[in-house]
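# Structure assessment
Each chain is listed here by its residues.
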Amino acid sequence: MPIALAEIGHAAIDLSSGYGTVASVETLMDGMVTTRMILLRTLIAEVTARAPESAERAGLVEAYQSLADLQQTHPAEVAALLSYPHVGLWLAHVLSLLDAESGAVPTTLWADCGYLGWLAAAGALTCLPEGSVTLVIRNGVVMLPGIGLARLGSSEDSGHCELRWTSGTLHFTTDAATVAVSAVDDESDPAWSPLRTVRGAPAEREVLLDDLDPFRDLRDAHLDPPRLTAAHSDRWQQDFAGAWDLLHRHFDHYLLPMRPCLRALAPLSAQPLAASTSHTAFNGLGCVYTTAPADPCQLALTLIHEIQHAKFTLLTDQIVLFDPDPACRFYAPWRDDPRPIYGLLHGIYAFFGVTDFWRVHRNAECHQSMQAHVNFALWRGQVEAAIAQAATSGLLTPAGEDFLDRLTASIGAWAEEDVPAATALATAEVSVAHRTFWQVRNLTVSSEGISDLVACWTARAQRPDTLPAVTQVDQQTVPTHYRRLQLAAQLLDTSAADVLSSQEQQPGDRAYLAGDFPEAVALYTQQLRSDPLRPQPWAGLALALPKLYPDDTFGILNDRAAVAAGLYRAIRDSGDIEIVDLLRWLSNEPSRDE
């Protein structure tokens, strides 16, 4: 049933608090199911019209009818099937094949379409005590979403099998053999792998630990994620239960709306990694993809972060908060590259949750450390800076402005929370350094714009009141060694020993962190003589120069660093250029005797 616009409007107001309620998330999930039903009917119509043989081999119409029949008697179960995370990914995958510019239908289309039969079979198996159905074998396997995977051939094999079930037993029959499964949770047969689950507490709903579904989104996977061992699964259960307990005790306002949304965890690694990652697939909401957590605290933070992404995606899929604008031109302090308005708002909403986590959890026994205070202070400042970008973008609709205003009000009191002085200093330095780095990395000035500045500088005339405009750099052209500001991570690392022993550390950064500001400026300048557009030394200068010359602000590095880099590149070979004098001139500050 279509969701009323008024209900979506109420959900938008509710989620604009930063949290949301169970009722609002359920409303948006219902809207997602409606959208998927429309997409499913579109898919069937397109495949039937353009590739009738593929539709027939996949049993598309029969699978759809099976779901429709099941919906008459088990509507809740069918709604749960359609909201299953990987159904969205499968729909997007097949529709993208149909939208290919060549217009040719891939020969594998029929096998990919077999997922609908798998879904219908999983529903029938759950709701009916016995039955049989013909299923597609794709790349040697049959996946029953939410239940398990049967291996019926090699990875090159595609074909059909018959599935029969009764009294909890399964029989997959092909022309070559039959695989008998005595119970869906039986792990004794290598031809059958059940989906394992984790549970936050005995009374809580199970969450799938999905390391099987072939339509998972594994873009952030480290190598090929393996099938977890029983020991790995037990560790996930322990960490998930610990994370759930932490959320229940301190973050119930995130946990409550998480319940109807979180359906699965998809491991991206079997073991915890130093460089942990997580993501939420736009078309696969309800599944959190993450590397193995180091501890329950990390998993709790990951769940908050990713479900914030899921809630915002559910909302923006059903209400217009901003005008369409795919241009990547906004500064998101947590990213080194420019972001579109959609990405900026997504980050704001997700890192609202991250900031709130550290705001509360920095006082817990397990994280009473300077690093926890740093995490809170850093994200607080970054979310505030990003909100300012979004608010002045000119792209928000009235609903979007209202949403952002309410979200801003929710974080208003956070600015009054104290952090240690050393924390405030470190995060302020990161903010300055990263903004300078970002400008030089991502913005450029045309040769025409620089020529007037060169003429004024050469004549020692006053700097023009208006500086040349900048344009975005093509991200494909950004050199690899320009892409990351290591100094930011070092400033935030509260272990000085780790900072100073970093083998990748640049000499200028080492001098700056040691407090030798004259040496740092000299080393940064030396780097720029050979590589004037390298953003990292400019970031270092933005920090070191005001400490070395406290009467100057060198404001150009805060506001228009790309102009400074472009001018320096244009004149560096015209004589002995003192970069300090150049930056004072660009900042409209008087020259001083050294």
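This one's a predicted model, so the numbers in the text were calculated from it and none came from an experiment. (Residues numbered from 1 in each chain as written. Predicted model: local features only at pLDDT ≥ 70, side-chain atom pairs only at ≥ 80, totals over all residues. Heavy atoms only, no water.)

## Brief notes about the pattern of salt bridges
Taken as a whole, this structure holds 20 salt bridges when the rule is applied. Across the salt bridge formed by Glu46 and Arg50, the nearest N and O atoms sit 3.8 Å from each other. Of the two residues, Glu46 and Arg50 are both situated in helix 2 (residues 22-50); the distance of four residues between them amounts to about one turn of the helix. What makes Glu46 partly exposed here is its relative accessible area of 33%. Among the salt bridges present, the one from Arg196 reaches Glu187, with a minimum N-O distance of 2.9 Å. Look at the salt bridges and you will find they share partners, linking Glu187, Arg196, Asp211 and Arg227 into a network. (Salt bridge = Lys/Arg side-chain N within 4 Å of Asp/Glu carboxyl O. Helix = DSSP H or I, 4+ residues; strand = E, 2+ residues; numbered from the N terminus. Buried < 20%, exposed > 50% of the residue type's maximum accessible area, 1.4 Å probe, protein only.)

## Some points on the environment of Asp325
Structurally, the position occupied by Asp325 is in the loop between helix 11 (296-316) and helix 12 (341-361). Through-space distance from the C-alpha of Asp325 to that of His86 is 28 Å; in sequence the pair is 239 residues apart. Those residues in contact with Asp325 that sit more than four places away from it in its chain are Pro340, Ile341 and Leu395. At a separation of 2.6 Å, a polar atom in the side chain of Asp325 contacts the side chain of Arg329. (Contact = heavy atoms within 4.5 Å. Polar contact = N/O pair within 3.5 Å; in protein donor to acceptor, adjacent residues only side chain to side chain.)

## A short note on unusual backbone geometry
The backbone of Asn139 shows a phi angle near 50 degrees, a positive value even though the residue is not glycine. Along the chain, Asn139 turns up in the loop between strand 1 (130-137) and strand 2 (141-144). Asn139 sits in the partly exposed class, given a relative accessible area of 39%. Of note in the backbone geometry, Ser167 takes a positive phi value of approximately 50 degrees without being a glycine. Structurally, Ser167 is set in the loop between strand 4 (159-166) and strand 5 (169-173).

## Some points on the packing of helix 12 against helix 14 (residues 398-410)
Each pair of packed helices can be summarised by the angle the axes make with each other and by the distance between the axes. It is the contact of helix 12 with helix 14, at a shortest axis distance of 12 Å, that shows an interaxial angle of 30 degrees. Between helix 12 and helix 14, the angle falls in the class roughly parallel. Here the hand of the crossing between helix 12 and helix 14 comes out left-handed. Across the interface between the two elements, Leu345, Ile348, Tyr349 and Phe352 from helix 12 touch Phe403, Leu404, Leu407 and Ser410 from helix 14. Of the residues assigned to the contact of helix 12 with helix 14, the class counts are seven nonpolar, one polar and no charged. (Axes fitted to C-alpha atoms, helices over the stretch in contact; angles between N-to-C directions. Parallel < 35°, antiparallel > 145°, perpendicular 65-115°, else oblique. Left-handed = near helix turned anticlockwise from the far one by under 90°. Nonpolar A, V, L, I, M, F, W, Y, C, P; charged D, E, K, R; others polar.)

## What about the packing of helix 2 against helix 4 (residues 60-73)?
At a minimum axis distance of 10 Å, the contact between helix 2 and helix 4 shows a crossing angle of 150 degrees. The angle between helix 2 and helix 4 falls in the class roughly antiparallel. Between helix 2 and helix 4 the crossing geometry is left-handed. Here Met37, Leu40, Arg41, Leu43, Ile44, Val47 and Thr48 of helix 2 lie close against helix 4, whose contacting residues are Leu60, Val61, Tyr64 and Gln71. Of the residues contributing to the contact of helix 2 with helix 4, the split by class is eight nonpolar, two polar and one charged.

## Considerations on the sheet that holds strand 6 (residues 178-181)
In sheet architecture, strand pairing relies on hydrogen bonds along the backbone and comes in two forms, parallel and antiparallel. Across the sheet, four strands lie side by side as 1-4-5-6; this open sheet has antiparallel pairing. The open sheet has two edge strands, strand 1 and strand 6, and neither has a second partner. Across the sheet, the mean angle from the axis of one strand to that of its neighbour is 15 degrees, orientation sign disregarded. Note: strand 1 against strand 4, eight bridges, orientation antiparallel. (Pairing = 2+ DSSP bridges.)

## As for the nonpolar core
Soluble, globular proteins show a tendency: their nonpolar side chains are buried together. Grouped together as the largest cluster of nonpolar side chains are 73 residues, with contacts concentrated most on Phe240, Leu262, Leu265, Leu303, Leu345 and Ile348. Not counting chain neighbours up to four residues away, the residues in contact with Leu262 comprise Arg205, Val207, Phe240, Trp244, Gly286, Val288, Leu303 and Ile307. Counting residues in each nonpolar core, the second largest holds 66 residues, with Ala55, Ala63, Val94 and Cys113 among its members. (Core = buried A, V, L, I, M, F, W, Y, C linked by side-chain atoms within 4.5 Å.)

## Remarks on helix 5 (residues 75-82)
Owing to its 3.6 residues per turn, the α-helix aligns residues three or four sequence positions apart on the same side. Residues of helix 5 that are buried include every one of Val78, Leu81 and Leu82, and no others. Seen from one end, helix 5 has its buried residues packed into an arc of 95 degrees, which puts them on one side. Buried residues in helix 5 make contact with helix 2, helix 4, helix 6 (85-98) and helix 8 (115-127). (Arc of directions from axis to C-beta.)

## Thoughts on the packing of aromatic side chains
Summed over the entire model, instances satisfying the criterion amount to 22 aromatic pairs. Measuring from ring centre to ring centre gives 5.2 Å for Phe251 and Phe357, while their planes differ by 20 degrees; the resulting arrangement is stacked. Taken together, the positions of Phe251 in the loop between helix 9 (230-250) and helix 10 (252-258) and Phe357 in helix 12 put the pair 106 residues apart, joining distant regions of the chain. The buried category is assigned to Phe357, whose relative accessible area is 1%. The lysine or arginine in question, Arg57, covers the ring of Trp110, its NZ or CZ lying 3.8 Å from the ring centre. (Phe/Tyr/Trp six-rings, centres within 6.5 Å; stacked < 30°, edge-to-face > 60°. Lys NZ or Arg CZ within 6 Å of the ring centre and 35° of its normal.)

## Some points on the sheet that holds strand 12 (residues 287-292)
Read from one edge to the other, the open sheet built from five strands follows the order 8-9-10-12-11, with strand pairing classed as mixed. The sheet is open, and its two edges are formed by strand 8 (196-198) and strand 11 (278-279), each paired on a single side. Examined bridge by bridge, strand 8 and strand 9 (residues 207-209) share three bridges and lie antiparallel to one another. Note that in strand 9 the partner of Val198 across the bridge is Val207.

## Focus on the environment of Leu60
With respect to the element layout, Leu60 can be found in helix 4. The sequence separation of Leu60 and Asp474 amounts to 414 residues, and the corresponding C-alpha distance is 43 Å. In contact with Leu60, other than residues within four places in its own chain, are Leu43, Ile44, Val47, Ala55, Cys113 and Leu116.

## Notes on the pairing of strand 12
When you tally the buried positions in strand 12, you get six out of six residues, the bulk of the element. Both strand 10 (residues 264-272) and strand 12 contribute to a ladder of five bridges, which runs parallel. Among the inter-strand pairings, Pro272 is bridged to a residue of strand 12, identified as Ala292.

## Observations regarding the confidence of the model for the chain
With 96% of its residues at a pLDDT of 70 or more, the chain has an overall mean of 93. In this model, residues 496-501 is a region of pLDDT below 50 whose contacts with residues beyond four sequence positions or in other chains number eight contacts. (pLDDT = per-residue confidence, 0-100.)

## Overview of the side chain of Glu306
Inspection of the secondary structure assignment puts Glu306 in helix 11. In this structure Glu306 is buried but unpaired, with Arg219 as the nearest side chain of opposite charge at 7.4 Å. Within the local environment of Glu306, its side chain forms a polar contact with the side chain of Ser278, the two groups lying 2.6 Å apart. Every residue in contact with Glu306, bar those within four places of it in the chain, is listed here: Ser278, His279, Thr280 and Val288. (Lys, Arg positive; Asp, Glu negative; His and termini not counted.)

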